[in-house]
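Descriptive analysis of the structure
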Amino acid sequence: MSTKPENNTDASDEVIKERKRRILSIKTLVFLALSIALLVFLMRSIDLTATIATIANADPWLLLASCGAYLVSNLCKSVRYHVMLRDILVTPFQMFAITSYQNFFNQILPARTGELTLIYYLKKVGGASLSRGLHILVVTRIYDLIIVAVFFLASVLAFYGDAIRPGLLVIGGICLAISVASLFYLKWLVVFADRAFNATARLLRLDTSRLIVKIREKAEPVVREFSDYRTARQLPMLVLTSVAVWVVLYIFAYLTILAFRVDVGFVQAVVGNTGQVLANVLPVNSFGSFGTLEAGWAGGFMLVGMSSQDAITTAFGYHIVNFVASGIIAAGCYGVLALVKRRR
């Protein structure tokens, strides 16, 4: 597959225009209003003085350890991208920098538009086509959702144990098996879904409608990438790096909670953190993800027995650590690349 840089400027401009279109929209204003409402509700639900004191008195060594875990998660993500993009001209450190930029802009831009940073820089730095970048983004996000589902189901079974009814255990086991199987047959699931969609559209005589034609035009390059992508050789490393990403991210969340001196078990942290993960995956966040992330985190941890004060306080603390760590790492990568470029 050709990866020579062609029309980099036009393709990069297209990504920027798409990101601006998503940011400057009515939907973004709605999400901003939702975020403000959630922030007001959460802040009125806690003792703000106690929350500020908890964050101010956090354990500095555990905070440093949690930031280290965040750095390792970025490294695991960049290795995963490098495994999938071995044929493009991007060095390991450049890939790490691109990953760090993507994570940082996901922190600050609304409606998951920060994800487009990956496509933009893969095109700008390595000459990867837009469809190739989109394919990589879709694959990794699907793998992320499957891995999160596996961790969540396994941790729920471990946390609740005998309290779960046998019927729910069976359902959980089936979902777990489907999630694991999906990791190995993702390519064929995507191809099957595309063919099923096209067949349904023809059956309903909607295949010539403008909406269906537009959907197929957008989906075709991605489906073609899936069809051409040879996963057999890369699958073990892809699964391994995806698991590593989430193991480290759960450790990051766990260490952050401990840094704010809240007693929690690791399994409990995995179950509770899933609320934040789901809230962050859905494209409903506003600028900075404030409000939606805290609501998802607090809801998840309150379901596993954490008090509302501790759940909301650690949500704000986690968000601050997440934001600061991603910003420092992204800025550091930018500085290193700028220095290397200047010396050349």
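Anything mentioned here points back to the structure above.
Residues numbered from 1 in each chain as written. Predicted model: local features only at pLDDT ≥ 70, side-chain atom pairs only at ≥ 80, totals over all residues. Heavy atoms only, no water.

**Some words on the overall build of the protein chain**
Looking only at helices and strands, the protein chain features 14 helices and 0 strands. When the helices and strands of the protein chain are placed in sequence order, the string is α-α-α-α-α-α-α-α-α-α-α-α-α-α. The buried share of the protein chain, taken over its 344 residues, is 45%. Within the protein chain, contacts between residues separated by at least 24 positions form 78% of all contacts whose residues are at least 6 apart in sequence. Put simply, the protein chain shows about 18,000 Å² of open surface, and 68% of that area lies on carbon and sulfur atoms. (Helix = DSSP H or I, 4+ residues; strand = E, 2+ residues; numbered from the N terminus. Buried < 20%, exposed > 50% of the residue type's maximum accessible area, 1.4 Å probe, protein only. Contact = heavy atoms within 4.5 Å. Areas by Shrake-Rupley, 256 points an atom, 1.4 Å probe, with all protein chains shown as cover.)

**Some details on the layout of surface pockets**
Computed from the structure, the second largest pocket encloses a volume of approximately 580 Å³. Along its surface, the second largest pocket is lined by 19 residues, and Tyr101, Val125, Tyr334, Leu337 and Ala338 are the ones closest to its centre. Of all the elements in the fold, those that place two or more residues in the lining of the second largest pocket are helix H5 (92-108), helix H6 (116-126) and helix H14 (308-343). Ranked by residues supplied to the lining of the second largest pocket, first place goes to H14 with 8 residues. Of the residues belonging to the lining of the second largest pocket, the class tally is 13 nonpolar, 3 polar and 3 charged. (1 Å grid on protein atoms, 1.4 Å probe; cavity = no way out; pocket = protein on both sides within 12 Å on 5 of 7 lines; lining within 4 Å. Points joined across faces, edges and corners; volume = space filled by probe spheres on them. Nonpolar A, V, L, I, M, F, W, Y, C, P; charged D, E, K, R; others polar.)

**Notes on a nonpolar patch on the surface**
Judged by side-chain polarity, Leu29, Leu32, Ile36 and Val40 come together as a nonpolar surface patch covering roughly 340 Å² of accessible area. Residue placement: Ile36 occurs in helix H2 (residues 26-44). (Patch = residues over 30% accessible without salt bridge, like charges linked within 9 Å, V, L, I, M, F, W, Y side chains within 5 Å. Salt bridge = Lys/Arg side-chain N within 4 Å of Asp/Glu carboxyl O.)

**Here we look at the packing of H6 against helix H7 (residues 130-160)**
One way to put it is that H6 packs onto H7 with a least axis distance of 9 Å and a crossing angle of 140 degrees. Regarding the angle of H6 to H7, the classification is oblique. Here the hand of the crossing between H6 and H7 comes out right-handed. Where H6 abuts H7, its residues Leu118, Ile119 and Leu122 lie against Leu130, Gly133, Leu134 and Leu137. Grouping the amino acids of the contact of H6 with H7 by side-chain chemistry returns 6 nonpolar, 1 polar and no charged. (Axes fitted to C-alpha atoms, helices over the stretch in contact; angles between N-to-C directions. Parallel < 35°, antiparallel > 145°, perpendicular 65-115°, else oblique. Left-handed = near helix turned anticlockwise from the far one by under 90°.)

**A look at H6**
Burial analysis of H6 places 8 of its 11 residues in the buried class, which makes it a mostly covered element. Residues of H6 that are buried include every one of Leu116, Thr117, Leu118, Ile119, Tyr120, Leu122, Lys123 and Gly126, and no others. After H6 finishes, the residue Gly127 shows a positive phi value of roughly 75 degrees.

**With respect to the nonpolar core**
The biggest cluster of nonpolar side chains holds 45 residues, and the ones touching the most others in it are Trp246, Ile257, Trp297, Phe301 and Met306. Contributing elements (two or more residues each) for this core: helix H4 (60-84), H5, H7, helix H11 (235-259), helix H12 (266-281), helix H13 (292-303) and H14. Of all the elements, H14 adds the most residues to this core, at 10 residues. Residue contacts for Met306: discarding those within four places in its chain leaves Ile257, Val262, Val264, Gln268, Phe301, Ala311 and Thr314. (Core = buried A, V, L, I, M, F, W, Y, C linked by side-chain atoms within 4.5 Å.)

**What about the packing of H4 against H7?**
As a packed pair, H4 and H7 sit with axes 11 Å apart at the nearest point and diverge in direction by 130 degrees. With respect to their mutual orientation, H4 and H7 come out oblique. Like other packed secondary-structure pairs, H4 and H7 cross with a definite hand, here right-handed. Between H4, through Arg80, Tyr81 and Met84, and H7, the contact on the second element is made entirely by Arg132, Ile136, Val139, Thr140, Arg141 and Asp144.

**Section: the pattern of salt bridges**
Per the stated rule, a full pass over the model turns up 2 salt bridges. When salt bridges with common partners are traced through the structure, they connect Arg80, Arg141 and Asp144 into a single cluster.

**A few points about the packing of aromatic side chains**
Within the structure shown, the criterion is met by 12 aromatic pairs. Taken together through their ring pairs, the aromatic side chains of Tyr70, Phe252, Trp297, Phe301 and Tyr318 make up a single cluster. (Phe/Tyr/Trp six-rings, centres within 6.5 Å; stacked < 30°, edge-to-face > 60°.)

**A closer look at the side chain of Ser326**
When you line up the elements, Ser326 lands in helix H14. In this structure Ser326 touches Tyr70, Phe104 and Gln107, once residues within four positions along its chain are discounted.

**Comments concerning the side chain of Asn74**
Here Asn74 shows up in helix H4. What makes Asn74 buried here is its relative accessible area of 1%.

**What to know about unusual backbone geometry**
In this structure, Arg261 is a non-glycine residue whose phi angle is positive, near 60 degrees. The exposure class of Arg261 is exposed, given its relative accessible area of 57%.

**A word on the environment of Arg216**
Along the chain, Arg216 turns up in helix H10 (residues 210-228). In the structure, Arg216 is positioned 18 residues away from Asn198 in sequence and 8.2 Å away in space, judged by C-alpha atoms. In this view, Arg216 contacts Phe197, Asn198 and Asp207; residues no more than four positions away in its chain are not counted.

**Some thoughts on the environment of Tyr101**
Considering the arrangement of structural elements, one finds Tyr101 in helix H5. Taking the C-alpha atoms as reference points, Tyr101 and Glu115, 14 residues apart in sequence, are found 9.5 Å from one another. Residue contacts for Tyr101: discarding those within four places in its chain leaves Thr117, Tyr121, Ala330, Cys333, Tyr334 and Leu337. A polar side-chain atom of Tyr101 sits 3.4 Å from the main-chain amide nitrogen of Tyr334. (Polar contact = N/O pair within 3.5 Å; in protein donor to acceptor, adjacent residues only side chain to side chain.)

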